[in-house]
Amino acid sequence: MIEKIWSGQSPLWILLLPLSGLYGLVSNLIRLSYRLGLRKSWRAPVPVVVVGNLTAGGNGKTPVVVWLVEQLQQRGIRVGVVSRGYGGKAGHYPLVLDAHTSSDQAGDEPVLIFQRTGAAVAVSPVRCEAVQALLAGNQPQIIITDDGLQHYALARDYEIVVVDGIRRFGNGWWLPAGPMRERESRLRDVDAVITNGGTPQTGEIAMHLAPSQAVNLLTGEKRDASTLTEVVAMAGIGHPPRFFATLEKLGVTPVNTHGLADHQALTEPDVAALARPEQTLLMTEKDAVKCRAFAHANWWYLPVDAQIASPAADKLLTDILSLLR
């Protein structure tokens, strides 16, 4: 239903316009207060790169963060990542992740980034505190923030917005009548716009998500997804249909699909109930970080990687590396 409202297919969005107007007013006032110096942003002693979005829901932001971290690491740069840690409830903040940190504590996306890249990752609702924790213990040369485009309390040196190339900006209205956290005009102020799928507009950088082999949660075995039998698919991401469409392109036709809420907490009984033992439960990597501790032998996940073609990728990295100089 929410997708139909945000896309304008349902007239119910009109009823939500007063709330959207209030959301937009508060959002604009907050940003204006920082621009006028009424509120002060904290500036880190190292460059800060924000990877965020203008809309609610999954746009492919976390794969872009992983791609950027790996690209910088390949060039010998020590990278730190900070996040709000949505879906996690830590005993204290800031929380610096280690091998024993669970998604219940830190949230699913920070754990995914930590496991994929090995970079230093810290979470806190106050992102400057997360940055300070990394500076004290890990001495990163650059900080990447996973989300936080609207978190103006942390000064930034470079802003990247990730756009869903298929859905774009829906009906263009602020939450809750539409999907917007900020209006589309905000794109004029950012340093780079990466468009995930669809057709990029002028000046936007094209990206697509490339799936790897499916991985068994229990054993680590890898197989082509097309070889898995009687697949039941689940996706607890911002836009589950994208995952199901990816499976179709790989030649996988699930016997059933389960779209879950983004950052939804998962328990062993709830997940086990989705597929019978003789079936294959195939999930996203974001789901897998929440299920690994109680995985069954028939549970698999499908990693995806952001693919950004040159010369746009080279130009983006050159601009970010120049911050270090």
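Residues numbered from 1 in each chain as written. Predicted model: local features only at pLDDT ≥ 70, side-chain atom pairs only at ≥ 80, totals over all residues. Heavy atoms only, no water.

Here the focus is the overall build of the protein chain. Each helix and strand counted, the protein chain has 10 helices and 15 strands in total. For the protein chain, the C-alpha radius of gyration of 20 Å lies close to 20 Å, the compact-globule estimate for 325 residues. Counting only C-alpha atoms and orienting by the principal axes, one finds that the protein chain spans roughly 60 × 50 × 45 Å. Nonlocal contacts in the protein chain, meaning residues at least 24 apart in sequence, comprise 73% of its contacts between residues at least 6 apart. Looking at the protein chain as shown, the accessible area adds up to about 14900 Å², and 54% of this sits on carbon and sulfur atoms. Of the side-chain charges in the protein chain, 30 are positive and 30 negative, and the distance between the mean point of each set is 7 Å. (Helix = DSSP H or I, 4+ residues; strand = E, 2+ residues; numbered from the N terminus. Rg over C-alpha atoms; globule rule 2.2 N^0.38 Å. Contact = heavy atoms within 4.5 Å. Areas by Shrake-Rupley, 256 points an atom, 1.4 Å probe, with all protein chains shown as cover. Lys, Arg positive; Asp, Glu negative; His and termini not counted. Charge placed at Lys NZ, Arg CZ, Asp CG, Glu CD.)

A separate point is the sheet that holds strand β10 (residues 222–223). What the 6 strands build is an open sheet, ordered β10-β9-β14-β13-β11-β12; its pairing is mixed. Strands at the two margins of the open sheet, each flanked by one partner only, are β10 and β12 (256–259). In the packing of helix α7 (residues 240–249) onto the sheet, the strands contacted are β11 (231–235), β12, β13 (280–284) and β14 (299–302), and the crossing angle to β11 comes to about 150°. (Pairing = 2+ DSSP bridges. Axes fitted to C-alpha atoms, helices over the stretch in contact; angles between N-to-C directions.)

Applying the stated rule across the entire model yields 20 salt bridges. For the salt bridge of Asp189 with Arg31, the shortest nitrogen-to-oxygen distance reads 3.0 Å. Here Asp189, found in the loop between β6 (158–164) and β7 (192–196), pairs with Arg31, found in helix α2 (residues 17–35); they are 158 residues apart in sequence, far enough to count as distant. For Asp189, a relative accessible area of 42% gives the class partly exposed. (Salt bridge = Lys/Arg side-chain N within 4 Å of Asp/Glu carboxyl O. Buried < 20%, exposed > 50% of the residue type's maximum accessible area, 1.4 Å probe, protein only.)

Here strand β1 (residues 48–52) lies mainly inside the structure; 5 of its 5 residues are buried. Every second residue of β1 is oriented toward a common face, with Val48, Val50 and Gly52 on one face and Val49 and Val51 on the other, all of them buried. As defined by bridge partners, β1 adjoins strand β5 (residues 142–146) across 4 bridges and the pair is classed as parallel. Pairing of Val49 across the sheet is with Ile144, part of β5. In this structure, β1 lies alongside β6, joined through 4 bridges in parallel fashion. Bridging from a neighbouring strand, Gly52 pairs with Val161 of β6.

If you walk across this open sheet you meet the 9 strands as β3-β4-β2-β5-β1-β6-β7-β8-β15, and the pairing is mixed. The strands lining the two open edges of the sheet, one partner per strand, are β3 (95–96) and β15 (304–308). The strands touched by helix α6 (residues 127–137) are β2 (79–83), β3, β4 (120–123) and β5; relative to β2, the strand with the most contacts, the crossing angle is about 150°.

Before going further, it helps to examine α7. Buried residues of α7: Pro240, Arg242, Phe243, Phe244, Thr246 and Leu247, and no others. Just beyond α7, the residue with positive phi is Gly251, at close to 85°.

This part covers the packing of aromatic side chains. For any pair of aromatic rings, the description consists of the separation of the ring centres together with the inter-plane angle of the planes. Applying the stated criterion across every chain yields a total of 5 aromatic pairs. One aromatic cluster is present, formed by Trp13, Trp173 and Trp174 through successive ring pairs. Here the guanidinium or amino end of Arg183 rests over the ring plane of Trp173, the centre of that ring lying 5.3 Å away. (Phe/Tyr/Trp six-rings, centres within 6.5 Å; stacked < 30°, edge-to-face > 60°. Lys NZ or Arg CZ within 6 Å of the ring centre and 35° of its normal.)

Right, let's get into the UniProt feature "binding site: ATP" (unreviewed entry) in the protein chain. Taking the numbering used here, the UniProt-annotated feature "binding site: ATP" (unreviewed entry) corresponds to Thr55, Ala56, Gly57, Gly58, Asn59, Gly60, Lys61 and Thr62. Using a relative accessible area of 10% as the deciding quantity, one classes Gly60 as buried. Not counting residues within four places of it along the chain, the set of residues in contact with Gly60 comprises Val162, Asn196, Met207 and Arg242. As for its position among the elements, Thr62 is in helix α3 (residues 61–74). (UniProt positions renumbered as here; feature names shortened; annotations may be inferred.)

What follows covers the packing of α3 against helix α10 (residues 312–324). Between two packed helices, what matters for the description is the angle formed by their axes and the separation of those axes. In the contact formed by α3 and α10, the axes pass within 11 Å of each other and the chain directions differ by 70°. One finds that α3 runs roughly perpendicular with respect to α10. The handedness of the crossing between α3 and α10 comes out as right-handed. Where α3 approaches α10, its residues Trp67, Leu68, Gln71 and Leu72 are matched on the opposing element by Ala313, Leu316, Leu317, Ile320 and Leu321. Residues belonging to the contact of α3 with α10 are distributed by class as follows: 8 nonpolar, 1 polar and no charged. (Parallel < 35°, antiparallel > 145°, perpendicular 65-115°, else oblique. Left-handed = near helix turned anticlockwise from the far one by under 90°. Nonpolar A, V, L, I, M, F, W, Y, C, P; charged D, E, K, R; others polar.)

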